[in-house]
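Architecture and fold: a report
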Amino acid sequence: MKTSTVEVGELVSTLSAVGVQRQLSTLPGVHHAEVNYVAGSATVHYDEARTTLEAIRQRVVDCGYHCRGELLPAHVCDPVDHKTTGDSHADHAGHGSHGGHVDSSADHKTHDKADMMHDMGHAPGMSMQDMASDMRNRFLVALVFAVPVFLYSPMGKMFGDFPTPFGLDRKLFLFIVATGAIAYPVWPFLVAAWRAARNKVANMATLIVLSVGTGYVFSVGATFFYEGEVFYEASAVLLVFILLGHWLEMRARAGASDAIRALMDLAPPMATVMRGGIETKVPTAEVVAGEIVVIKPGDKIPVDGEITEGSSQVDESMLTGESMPVKKVPGNPVIGATINKSGSFRYKATKVGADTALAQIVKLVQEAQNSKAPGQLLADQASQWLVLAAIAAGLLTFGVWFWVIGQPLLFALTLTITVFVIACPDALGLATPMAIMVGTGLGAMNGILFKNAAALENATKLTVIVFDKTGTLTLGQPEVVEVVTAPGVSEAQLLAAAAAVEKFSEHPLAQAVLKRAGSAPTDVATGFSNIDGQGARANIGADVVLLGNRKLLQSENVNLDALAAEAARLEGGGRTVVHVARAGKLIGLIAIADAVRPTSKATIAKLQERGVKVAMLTGDNQATAERIGKELGIDIVLADVLPGQKAAKIKELQDQGNKVGMVGDGINDAPALTQADVGFAIGAGTDVAMESAQVVLMKSDPYDIVGAIELSRATLRKMHQNLWWAVGYNVIAFPLAAGVFYPFTLSPEIAALSMSGSSAVVAINALMLKRTKLAGIRQAGSHGAPVVAAQGRVG
């Protein structure tokens, strides 16, 4: 099974996306397809043995939409095509460009000319800014021509009775300027409505063409073929408001894709490689696996690889969220799109193109943004029925007012047009995908990658979060947690002697002692020897120094009675106790344990504040587990759990009626991550392809769990707010437009303003998520790289 995200340009509404999705799903070999109107793209899961990426691209084109192929980061594409393919979502409203690039392989370049024929008045390869400008221009053209249409119409007489230029008949003059106000500006909607008809769906463009077209065509008839009132001004002003709303909505949709655009542009466009023994600059897309890449101070690393010579400090914050530069020496891996800080080095490229960590992250975010939450499927179906209901209600309105009640034709036609306009289901269709786009994008900016919308929604329902202790709540490495000295011995003296001996050892416990001693002066030891399973010994001057367990010191006849009670206390708390003796006397104890992460306690407190219980899963004995549990304030401690039993423990909690989230970092956590309602893979770094987890956390910071849950709850709130607004708007708007509250009625212009306003409210409300203060989430717009965890915690 392969998954690809392809461009779908020129989408005019959510129902346009539904039509393409339906057609893609019928393609042999396609298992599942999801089309995102906001993003202007489709994620397709397909069997490579039965279909190809070109067949998928062609199916999108056959539906009447623009598609040049797979959306990929800049460093994956052939750079010669960047100018023509970058940011190419030539949709008058489906401009939700990822800001990245599309795969312009030779097998479908021959189709580009045909694709251009589908452009909705835009030049191919337009950037998002260019397309926004194009929509603004259409709005301005409509506005300039609509002003004289309004002034020379009956409604304009309140401003004065203006004579027509050149003595033209008033109706003929209105026809000329109204045509100018409508012909060019309405063209995108005409094309979109035609496409919808070809795909056997009706959408927002259908209603716009019906409303604007009905008024215009009726007025043309009254101008040239029969006697009757004209209302060119209704169609012209109506279109002005529609274009204004559409332009504002398009700009808002562009804002929803900020994160993915920033991700796609992270990699450098060029790389320096060794070819024929000479340093050669080549486009990043042309770097081949196995080539030697040359990196100098300040360079961005183009692709993933392994250092062969030289050393440096590398800033990986944009991908892993770790704020401090990481030291790199020969044998260490480097990640594409990270920044070299100081030294120079060479490395062998191991992963290039679509295999790099950056490409995998982009793919994950694309798939999440294109996935649909359960509520969105219902909204899509409702949108389809709403269009049909609007057409039926419009015709019924005309019939009742004209034939049954006997109102004038102009009055009945005006109400019919108002119904067509006000019932556009744009707000309903935008409600969920806008919130998901912003939510998943904000997550990506904070190193929290949701794999799909369902994970985002399910994370809001969790009642218990289970942490696998080692590597999540703890650092997974030993650390000195307490020092006890014998009478007359200072801590500095004890550590000086212990560190002098441990300098010669590679044991993890020795490294913990050295870390605690730091840069303080130490004694000089000689004659070091390691005693397997017991500890070590060495000489400091004439004194013999012993470091190890009780067994070692007892074998050397060292009296332990003076600190026996302290040793028992420390061991009872689950700590490893290192005894230190000098010249035959016990001088102190060093207690070592797996240190708790600095943010673990705050994480647990924040989760509990939000009504989520915290459980800890560990293979440690009950005493050790209880000690850590008590220290952190954990609600449920699950000790003595073997790796193979983790999934069963999750199942036990679920059987008690809990919705369980599992946080793990190791391979043996995979079954438990799969069993959980939501699996969080913490500290994934660049290993974002963890199949068993639904949420991937780039950093090893448990506080990101708080961020993930806060973000999912905030996103769901926005989805619900948007859906309620959209539904409420339509419930009120339909009867108002149909004249149910006569003599209070709405004009088509007010209806257009209401329709555009409702869509703008939904889009802006979703974008407000970027400005919402959430615990564990760095707000959009603050200084930092696209994928970086928050350094300053909010809340």
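Fair warning: this is a prediction, and the values are worked out from it, not measured in the lab. (Residues numbered from 1 in each chain as written. Predicted model: local features only at pLDDT ≥ 70, side-chain atom pairs only at ≥ 80, totals over all residues. Heavy atoms only, no water.)

As a further point, take the confidence of the model for the chain. Per-residue confidence for the chain gives a mean pLDDT of 82; residues scoring 70 or more make up 87%. When the criterion is pLDDT under 50, residues 78-125 qualifies, and its contacts beyond four places in sequence or with other chains add up to 169 contacts. (pLDDT = per-residue confidence, 0-100. Contact = heavy atoms within 4.5 Å.)

Take the packing of helix 18 (residues 491-502) against helix 19 (residues 508-517) next. It is at 9 Å that the axes of helix 18 and helix 19 come closest, and there the two elements cross at 135°. Relative to helix 19, helix 18 is oriented oblique. The two elements helix 18 and helix 19 meet at a crossing, and its hand is left-handed. Residue-level inspection shows Glu-491, Leu-495, Ala-498, Ala-499 and Glu-502 of helix 18 in contact with helix 19, the latter providing Ala-510, Val-513, Leu-514, Arg-516 and Ala-517. Classifying every residue of the contact of helix 18 with helix 19 by side-chain character gives 7 nonpolar, no polar and 3 charged. (Axes fitted to C-alpha atoms, helices over the stretch in contact; angles between N-to-C directions. Helix = DSSP H or I, 4+ residues; strand = E, 2+ residues; numbered from the N terminus. Parallel < 35°, antiparallel > 145°, perpendicular 65-115°, else oblique. Left-handed = near helix turned anticlockwise from the far one by under 90°. Nonpolar A, V, L, I, M, F, W, Y, C, P; charged D, E, K, R; others polar.)

Moving on to the sheet that holds strand 21 (residues 576-582). With antiparallel pairing, 6 strands are arranged side by side in an open sheet as 17-22-21-20-19-18. The open sheet has two free edges, formed respectively by strand 17 (474-485) and strand 18 (526-531), since each of these has just one partner strand. The mean angle between the axes of side-by-side strands here comes to 20°, regardless of whether they run parallel or antiparallel. Two elements, strand 21 and strand 22 (residues 585-596), share 7 bridges in a ladder whose sense is antiparallel. Bridging from a neighbouring strand, Val-578 pairs with Ile-590 of strand 22. Against the sheet, helix 19 touches strand 17, strand 21 and strand 22, its axis set at about 60° to strand 17. (Pairing = 2+ DSSP bridges.)

With that out of the way, let us pick up the pairing of strand 3 (residues 41-46). Counting buried residues along strand 3, 6 of its 6 residues qualify, which places the element largely inside the surrounding structure. Residues Ser-41, Thr-43 and His-45 line one face of strand 3 and the alternating positions Ala-42, Val-44 and Tyr-46 line the opposite face, and both faces are buried. Taken together, the 6 bridges between strand 1 (residues 2-7) and strand 3 define a ladder with antiparallel strand orientation. Pairing of Thr-5 across the sheet is with Thr-43, part of strand 3. Pairing analysis gives 6 bridges linking strand 2 (residues 30-36) to strand 3, with the strands arranged antiparallel. Considered in strand 3, the bridge of His-32 is made with His-45. Linking two consecutive strands that pair antiparallel, namely strand 2 and strand 3, is a turn of 4 residues; a positive phi of about 70° is found at Gly-40 within it. (Buried < 20%, exposed > 50% of the residue type's maximum accessible area, 1.4 Å probe, protein only.)

With that settled, consider the packing of aromatic side chains. Any pair of aromatic rings gets described here by the distance separating the centres and the angle formed by the planes. Enumeration according to the criterion identifies 16 aromatic pairs in this entry. With a centroid separation of 5.3 Å and an interplanar angle of 25°, the aromatic rings of Phe-398 and Phe-402 are classed as stacked. Pair noted here: Phe-398 and Phe-402 are both in helix 13 (residues 374-404), with a separation of 4 residues, about one helical turn. The exposure class of Phe-402 is partly exposed, given its relative accessible area of 28%. Consider the rings of Phe-411 and Tyr-742, whose centres lie 5.7 Å apart with planes at 85°: the pair is edge-to-face. Of this pair, Phe-411 sits in helix 14 (residues 409-422) while Tyr-742 sits in the loop between helix 26 (703-737) and helix 27 (748-767), placing them 331 residues apart in sequence. Given a relative accessible area of 43%, Tyr-742 falls into the partly exposed group. An aromatic cluster is built from Tyr-152, Phe-162 and Phe-173, whose rings are joined through pairwise contacts. (Phe/Tyr/Trp six-rings, centres within 6.5 Å; stacked < 30°, edge-to-face > 60°.)

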